[in-house]
Amino acid sequence: MYLIMNPKDQVKQALSILDVVSTYIRVEKAGSQFKARCPFHNEKTPSFFLSPDRGTYHCFGCGEHGDIFSFVEKMEAVPFYEALTILADRAGIKLSPYKKEEKDKEPNLISLVQKANKRYEENLQNSAEVKAYLGDRGLTSETIKKFNIGFSLGADFGWRDIFIYLSKEGFSPEEMIEAGLVFKKENEDKYFDRFRGRVMFPIKNTFGNIVGFSARILPKFDDGKTAKYINSPETPIYHKSKILFGYDLAKKSIADKREAILVEGQMDLIMSHQAEVTNVVATSGTAVTDEHIKILKRFADKVLLSFDQDEAGENAMKKCAFLALYGGLDVYIIPKKENVKDTADLIKEFGGEVWKDLISKRVHLIEYLVNNIFEKNNDERERGREVRKEVLPFLRAIESDIDRAYFIKYLASKLNVQEIDILNELKRVKVENVEENISSINKEINLTDKNKFLREILVILNWKKLDEEKFFNKFFEAKDIYKEKFLEFKKDLPEEILEQEIIRIEKEISKNKLYIENEKKFITEILGDLAKVFKIEVLQEEKKLIENKSEKVEEDFQRIGEIYQEIHKIKNLK
Ligand SMILES: [Zn+2]
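Quantities reported herein were computed from a predicted structural model and do not represent experimental measurements.

Colleague: Would you take a moment to explain unusual backbone geometry for this structure?
Modeller: For residues that are not glycine, phi is negative in most cases, and the peptide bond is trans in most cases. Of note in this structure, Asn-148 is not a glycine but carries a positive phi near 50°. Its place among the elements puts Asn-148 in the loop between α7 (141-146) and β6 (150-152). In this structure, Glu-276 takes a positive phi of about 65° despite not being glycine. Position of Glu-276 among the secondary structure elements: in the loop between α11 (266-274) and β13 (280-282). What makes Glu-276 exposed here is its relative accessible area of 64%.

Colleague: Before we go on, may I ask you to explain the environment of Cys-62 in this structure?
Modeller: Along the polypeptide, Cys-62 turns up in the loop between β4 (56-59) and β5 (65-66). Accessibility expressed as a relative area gives 27% for Cys-62, which makes it partly exposed. When the C-alpha atoms of Cys-62 and Asn-42 are compared, they prove to be 9.4 Å apart, with 20 residues separating the residues in sequence.

Colleague: Whenever I open this one, the packing of aromatic side chains confuses me. Can you help?
Modeller: Any pair of aromatic rings gets described here by the distance separating the centres and the angle formed by the planes. Evaluated as defined, the whole model comprises 18 aromatic pairs. An angle of 75° between the planes, with centres 5.6 Å apart, marks the rings of Tyr-24 and Phe-71 as edge-to-face. Taken together, the positions of Tyr-24 in helix α2 (residues 17-24) and Phe-71 in helix α3 (residues 68-76) put the pair 47 residues apart, joining distant regions of the chain. The two residues Tyr-24 and Phe-71 agree in class, both being buried. Counting every residue linked through ring pairs, the aromatic cluster contains Tyr-24, Phe-40, Phe-48, Tyr-57, Phe-71 and Phe-207. Over the face of the ring belonging to Phe-350 we find Lys-337, whose NZ or CZ atom lies 4.9 Å from the ring centre. Above the plane of the ring of Phe-374 lies Lys-414, whose end atom (NZ or CZ) is 5.0 Å from the centre.

Colleague: What's the story with the sheet that holds strand β16 (residues 363-364) in this structure? I'm lost.
Modeller: Each strand in a sheet pairs with another by means of backbone hydrogen bonds, the pair being arranged parallel or else antiparallel. Judged by pairing direction, the sheet is mixed, and its 5 strands sit side by side in the order β13-β12-β14-β15-β16 without closing on themselves. Of all the strands in the sheet, the pair left with one neighbour each is β13 and β16. With 3 bridges connecting them, strand β12 (residues 259-263) and β13 associate as parallel partners. Within the sheet, the bridge partner assigned to Ile-261 lies in β13 and is Val-280.

Calculation criteria
Residues numbered from 1 in each chain as written. Predicted model: local features only at pLDDT ≥ 70, side-chain atom pairs only at ≥ 80, totals over all residues. Heavy atoms only, no water. Helix = DSSP H or I, 4+ residues; strand = E, 2+ residues; numbered from the N terminus. Buried < 20%, exposed > 50% of the residue type's maximum accessible area, 1.4 Å probe, protein only. Phe/Tyr/Trp six-rings, centres within 6.5 Å; stacked < 30°, edge-to-face > 60°. Lys NZ or Arg CZ within 6 Å of the ring centre and 35° of its normal. Pairing = 2+ DSSP bridges.

Geometric values such as these leave the question of function open.
Quick look at the structure:
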């Protein structure tokens, strides 16, 4: 029998959930399933499970679940149709060509941007001038191809080259605007290209699809009035806080080495690749966010920083180092060569071997900061004050107890004081200072973590049938409801994994005994809330079932009424 499958099913058949997820995160085998540390919430032990048979994922920590499409939608923060395009591209499946007439069709910005870059690449190949400029900056023609570097035509083409080209390809002006390539002049019914007379460096997502651009003005067009670099604006497919320049190409060698090198500009990154140092990514002119750190942490334990040799570079480096430490990465600084502005210049002037040599001479962030202070100050007390101000906040952000202990020892011997003195000072470092840099996203994650921990306690109590009824009174009021939830939980987990999970959670509980003792009141309250949430969820499911019945009887309507009342009652329960 011949079956015509829709593109979604074709793609689903061609790509396994394991393929897609392991493009983004490190996955390990667990019995008949696979598990990973959840990319959607912060956790140290994996509770994110893949089921290859069903082609789905499920996180027992935060409840995220879905298939390859929803995974890419969430990871890239793109709408469904863009996720489909990304995955179809990966599977080598052609989606039906875009036609303007199909008005109800979703806009397809990924296709649009790939098309646009074809044009930019052609423009570059046709311009001896642009090629000469890039050659001058040290790029080979292989590198230009590898990074799909292009050129946007300037004023001599009426500022409308890409607009006209994409119009002929069947894209609408609205889509071009949405993709950030075109803008409309106010009070004028005319569209213009956003990028004009610029070298176009494509910014790619994890799968290597182009989603935006960083564009450098060609020197001959530089009138000093426009910015040297401009980037694509935020679009439905490009979120600057979630994308690191070069990540698609660097991912594999980052995973092999378990370390990533972070540089500032795309030229730094491209020159480094050309010098065969490939575990490099660039922030590309945007501030580093904790989202970027999370991306690095998927495959790396260490990050090596090589920022520009100026005050702005030093400040950006410190902010980034802080976020990286706080995110659980080990941070090293790559030493600089005197009077060399950035990594690109270094490689161009001194060659790749010097770059590799400097990488091997990396210094841990704490030592780097201390060395700087010691170079500037001779006075012992002054040094101590500077260390307290400049170094201790970083020391406090170090996640590993062992590492922190090591550096406390190091600082004590450097400053000629007792370790206990450093420890006491460390306690006085204000928590606000440490946390002000962390975005609200991260704080939400921590809350979810607490929630998750409590959910796990519930699982254990139920599993072991612990007689804690007095303490967990409120919880047991909803015991039956909870049991249903628990069975649902169990249904998805093979027996052997469940056992492992339980041992892990038990350990966590014994580790947190003190916390439970101290927070009895808080926990009881939260448990009460959770029980309410579960109860409401179950009632709503029941309601949905009844509502979906094709033929309803009198009792059904009565039951729906009761459910409404029950939900209302639970919500108002104190
Ligand atoms: Zn999760």
